[in-house]
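Residues per chain are reported as follows:
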Amino acid sequence: MSTEAVTQQATLDAAVQQLGNIVLGKQAQIELALACLLARGHLLIEDLPGLGKTILAQSLARVLDLSFSRIQFTSDLLPADIVGVSVFNKGSGEFEFQPGPVFAQLVLADEVNRATPKAQSALLEAMEEQQVSVDGKTRTLPEPFFVVATQNPADQIGTFPLPESQMDRFLMRLELGYPNAADEREIITGDDRRTMLTEMNAVTSPATLLELQRAARRVHMSDAIVDYIQALVRQTRESAEIEVGLSPRGAQALALAARALAFLRKHPGVFPDDVQAVFPPVAGHRLKPASAANRRKPNELCQHVLDSVAIP
Amino acid sequence: MKLAKPRRSDGSLLSSLPWTLAALAFALLPHLRYLPFWIGASFLACAGWRMLIERRRMALPPTWLRATLALGGFLGVLGTYQMISGVGPGSALLAIMASLKLLETRQRRDQFVLLFIAIFLVMSALLREQYLWSLPYLVAALVLTMTAWLRMSGDPGESTRASFAIGTRLVAYAVPLAAVMWVFFPRISVPFWAVPIDTGSGTTGLSNHMSPGDISSLSQSGAVAFRVRFEDRVPAPRERYWRAMVLYNFDGRNWSGNEPLLSQARNLQIDVGGEPLRYEMILEPNRQHWVPALELVQGWELSNTVMGRTFELTRVYPIDQRISFTMTSYPTYRIEPELSMSVQGWYLRFPHEQNPQTSTLALAMFRQAGSPERYVDAVLSYFHEQDFYYSLQPPALGSNPVDRFLFDTRKGFCEHFASAFTLMMRAAGVPARVVLGYQGGEVNPLGGYMIVRQSDAHAWSEVWFQGRGWIRVDPTAAVAPERIELGYTDSLLDGAATAWGGGTPSEFLHRIRLSLDAMNARWNDWVLGYGPDRQTSVMEMLGMVNPGWRKMMLTLVTLVVTLTLIVSALLMWRYRPPRPDRARILYRRFTKRVGIEPALGETPRNYANRAQQVSALSATAIHATTDAYLAARYGGDAAAMLRLEKSLKTLR
């Protein structure tokens, strides 16, 4: 391993460790969230309020030393509230662009399904293009650019669920879930998370992060793993419980995420474990369950697919 | 009790049924010309009905109705053909079967039957006719049937294009086998088995009698009678008389000859002179015994063929397939210079009570002429100078046809003139007879051969003179010399040109026809003409000593087996399972050693965790082996393979 690689790995280890101190008992989700960012993908965190979604996003920004902004999505949010607006400056006699909160390296879109589809699509467009157009002028968003969106489960009242085509813009969707008893105890008795957040140190710089992202793309992927990904994708298309399986873009996302996770885990190549670990968060929100299996949660469907495909 | 309910279609065949129908319809196509109209119509009706059933999810017709229709179809075929064997009734029954099977087609299995019928229909089409387009048709029909087959039995998600591609590939795999079969399957000179060819459609070409009172349809047919390839020179149009048979009995209306004499006539008096013409004759099947030959033929390389008393060639077997052979003819000849009085009398007979005016005229003209030779000239100039017309649509002639023709209608074609001329000769005491055959022939500049069509069929006369023998006299030439000089086709073309005010369209069509015929001739020559002789020479060319059917059969079997093996080997190579990875083999050895099987979808890491619970092996060994395996197989790490091998050895 080169010295460069060694420092890279050390950086990542430190990041994982720091995040683990703040978000307790969510090792797997932290790993996946980091992998998602390494794979240059946007992240959707879906769970009930109060489970640490916001904390996770904020701590990610902190630890990776990214400029952070937060947009609270509400039903009266307008696209201009996200991308910014041109304001007339009396002094200069010209219109001046006031950049919106989307002009940050890490954007937390809190409760994204509370806003109207119009506001949602303004964000989703920015995610896709990595640029926004205001008053006919195209403005590039900073680099790296991540969106961490949080969302309440769609069956809550007063929400606008993201359409399937837009769910596709997120590389991963994570669920946090309740912490276990011991961790919850520590949350109750320990320091305030927000105070801890301010005390966090950055372990890397945006420039290093870009390098890490490049390195993650170069992780060896054997033919056997490509076969495995293809077999999994085929299974999603052929399974009777799934109406719409993974698209080729979904398969590509799976490969990218698996590479990033393997990089994070210091594997010499992508292992079947890496593919299996990223499969539910990558595939879960892209599958459309068949109506008969409607009661089945996406994660269960994904597990079912994993259990029925042989590893080559 | 369960009530039998008519099962409704569930629409599941909707995707494959149109293909099956298309394959069937395509297979039926070449038969339609021959089959009675109602069979094609009932196929269309059944196909439409079945599609409607599938579309509207209707019930299939009940059993009693199907049984009635089946019985009706069978009786209809029986009524049309009076029999149920042979190509005609056979294909008619197949078509009926296919139509009715459609009405009980519920599932794939039934569609299989339909596609088998389609293949049978395609094959039986070859029993009817084998033209140039037969091969492309055959290939297209097979590809279509295979595509239908794949639409029906393949993956429902498979695209039509993919089915078509696979179907084409399957047919392509069969091509080498078919080629080997074609080259090596022993050809036998006598028909291998007698296929009852459609007798209802009648024989084409000449018949062995002629009644000029009836309108001939023969001269309208552009079908090829035979093709001729001359070795060095092509005879002039006026020499192109192809003798087929001789008619000498006249009953007042009809001229007739004998049934073909299948024995060699002995002591024929023939003197030949001049430059011989050698040529290859490629004779289309006419299902008759006679063999046309340029006058006068002296040599022919066709077995079982003899020259009869009247110098015509007959073959023991009717010509029911295309044959080619070489012949030698002499344009200058003298035949039978001496005839006994009794034989002369034979050629003078005619019913005296009929055609009285003709007899009177003949006697008067003979008296005026003085000698038989001058009498012949006199009669020819009579035809030439009086207003006789050559016409393909002559009026009907009634009970004294020659009288009516000579003195009343004066319109006719070769048969009328030959008949009238010969009768006038006989009435004046000059022995004469009618010769039937072909006159003319068109040289195809594209293929370097001559085409003689059924429309070139012709009748002329032969007159006998003491010491000179039989002399050909063509009375039609006296009336319509252009018919002889240009041939039928060209004289017709002239007419068309004047009628249309310009020769271009028909000339263009004619050129197309000629080039098509040149292609067809080559096809006949190389493909259909691949008979026993050519096969033997090809076998010798390929190095077979004394080719016989046993050797060919042996070669055929050997080649077929070899080819099948090669093709199977290639296919097996192409679709071979992926070569198991070395690391994978070692890992399988490891899991066997551990003693529990990895579950489906269980990663090596998870397996290792499970194994350490149950296996007697140490946890470190298990994890070391697993890590080595993961690195070797998924990490692209060559050194890890050694680690894996080593740790496997330590396990032992």
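Refer to the structure presented above.
What comes next concerns the included structure. (Residues numbered from 1 in each chain as written. Chains lettered and ligands numbered in written order. Predicted model: local features only at pLDDT ≥ 70, side-chain atom pairs only at ≥ 80, totals over all residues. Heavy atoms only, no water.)

### Description of the overall build of chain B
Regarding its fold elements, chain B presents 22 helices and 21 strands. The buried share of chain B, taken over its 652 residues, is 45%. Pairs at least 24 apart in sequence give 73% of the contacts found in chain B among residues at least 6 apart. With an accessible surface of roughly 32900 Å², chain B has 61% of that area assigned to carbon and sulfur atoms. (Helix = DSSP H or I, 4+ residues; strand = E, 2+ residues; numbered from the N terminus. Buried < 20%, exposed > 50% of the residue type's maximum accessible area, 1.4 Å probe, protein only. Contact = heavy atoms within 4.5 Å. Areas by Shrake-Rupley, 256 points an atom, 1.4 Å probe, with all protein chains shown as cover.)

### Remarks on the nonpolar core
Among the nonpolar cores identified, the biggest contains 96 residues, and Leu38, Met172, Val278 and Phe279 of chain A are the most heavily contacted of them. Each residue touching leucine 38 of chain A, except ones within four places of it in the same chain, is listed here: Leu12, Leu209, Leu212, Gln213, Ala216, Ala260, Phe263 and Leu264 of chain A. By size, the runner-up hydrophobic cluster in this structure holds 82 residues, among which are Leu277, Met307, Leu313 and Tyr347 of chain B. (Core = buried A, V, L, I, M, F, W, Y, C linked by side-chain atoms within 4.5 Å.)

### So, the environment of leucine 313 of chain B
All names here are of chain B. Relative to the assigned elements, leucine 313 resides in strand E12 (residues 313-315). On the basis of relative accessible area, leucine 313 is assigned to the buried category, the value being 1%. Separated by 69 residues in the primary sequence, leucine 313 and alanine 244 place their C-alpha atoms 7.0 Å from one another. Beyond its immediate stretch of four places on either side in the chain, leucine 313 contacts Ala244, His289, Trp290, Val291, Ala293, Val297, Trp300, Thr305, Val306, Met307 and Met327.

### Remarks on the interface of chain B and chain A
The interface of chain B with chain A comprises 14 residues on the first partner and 19 residues on the second. Carbon and sulfur atoms supply 57% of the area that chain B and chain A bury against each other, a total of about 1300 Å² over both sides. Contact with chain A buries surface across chain B, with Leu600, Gly601 and Tyr634 of chain B losing the most and accounting together for 46% of the total. Scanning the region where chain B abuts chain A turns up zero salt bridges. Our count for the chain B to chain A interface comes out at six residue pairs in polar contact (both at pLDDT 80 or more). If you list the elements that add at least two residues to the side of chain B that touches chain A, you get helix H20 (604-614) and helix H21 (619-634) of chain B. (Buried area = accessible area lost by both parts, 1.4 Å probe. Salt bridge = Lys/Arg side-chain N within 4 Å of Asp/Glu carboxyl O. Polar contact = N/O pair within 3.5 Å; in protein donor to acceptor, adjacent residues only side chain to side chain.)

### With respect to helix H18 (residues 549-574) of chain B
The terminal C-alpha atoms of H18 of chain B lie 36 Å apart, and with 26 residues this matches the ideal 38 Å at 1.5 Å per residue to within 8%. When we look at burial in H18 of chain B, the residues that qualify are Met552, Leu556, Val560 and Leu563 of chain B. (Expected span 1.5 Å × (residues − 1).)

### Overview of the packing of helix H9 (residues 356-369) of chain B against helix H12 (residues 414-427) of chain B
Residue and element names in this part refer to chain B. Put simply, H9 and H12 touch, their axes get as near as 8 Å, and they point 65° apart. Two packed elements cross with a definite hand, and for H9 against H12 that hand is right-handed. For the pair H9 and H12, contact is made by Thr358, Ser359, Leu361, Ala362, Leu363 and Met365 and by Leu423, Met424 and Ala427, respectively. Looking at the contact of H9 with H12, its residues break down into seven nonpolar, two polar and no charged. (Axes fitted to C-alpha atoms, helices over the stretch in contact; angles between N-to-C directions. Left-handed = near helix turned anticlockwise from the far one by under 90°. Nonpolar A, V, L, I, M, F, W, Y, C, P; charged D, E, K, R; others polar.)

### Looking at the packing of aromatic side chains
Throughout the structure, instances matching the rule amount to 29 aromatic pairs over all chains. Each ring, one from tyrosine 248 of chain B and one from tryptophan 346 of chain B, has its centre 6.0 Å from the other, and the planes form 50°; the classification is tilted. In this pair, tyrosine 248 of chain B sits in the loop between strand E3 (241-247) and strand E4 (249-250) while tryptophan 346 of chain B sits in helix H8 (residues 341-346), placing the two residues 98 residues apart along the sequence. Judged by its relative accessible area of 36%, tryptophan 346 of chain B falls in the partly exposed class. Three or more aromatic residues link up through ring pairs in this structure, and these residues are Phe271 of chain A together with Tyr587, Phe590, Tyr607, Tyr629 and Tyr634 of chain B. If you follow arginine 410 of chain B out to its NZ or CZ, it ends over the ring of phenylalanine 388 of chain B, 4.8 Å from the centre. Here arginine 433 of chain B stacks its cationic end above the ring of tryptophan 470 of chain B, 3.7 Å away from the centre of that ring. (Phe/Tyr/Trp six-rings, centres within 6.5 Å; stacked < 30°, edge-to-face > 60°. Lys NZ or Arg CZ within 6 Å of the ring centre and 35° of its normal.)

Everything listed is a geometric property; what it means functionally is a separate question.
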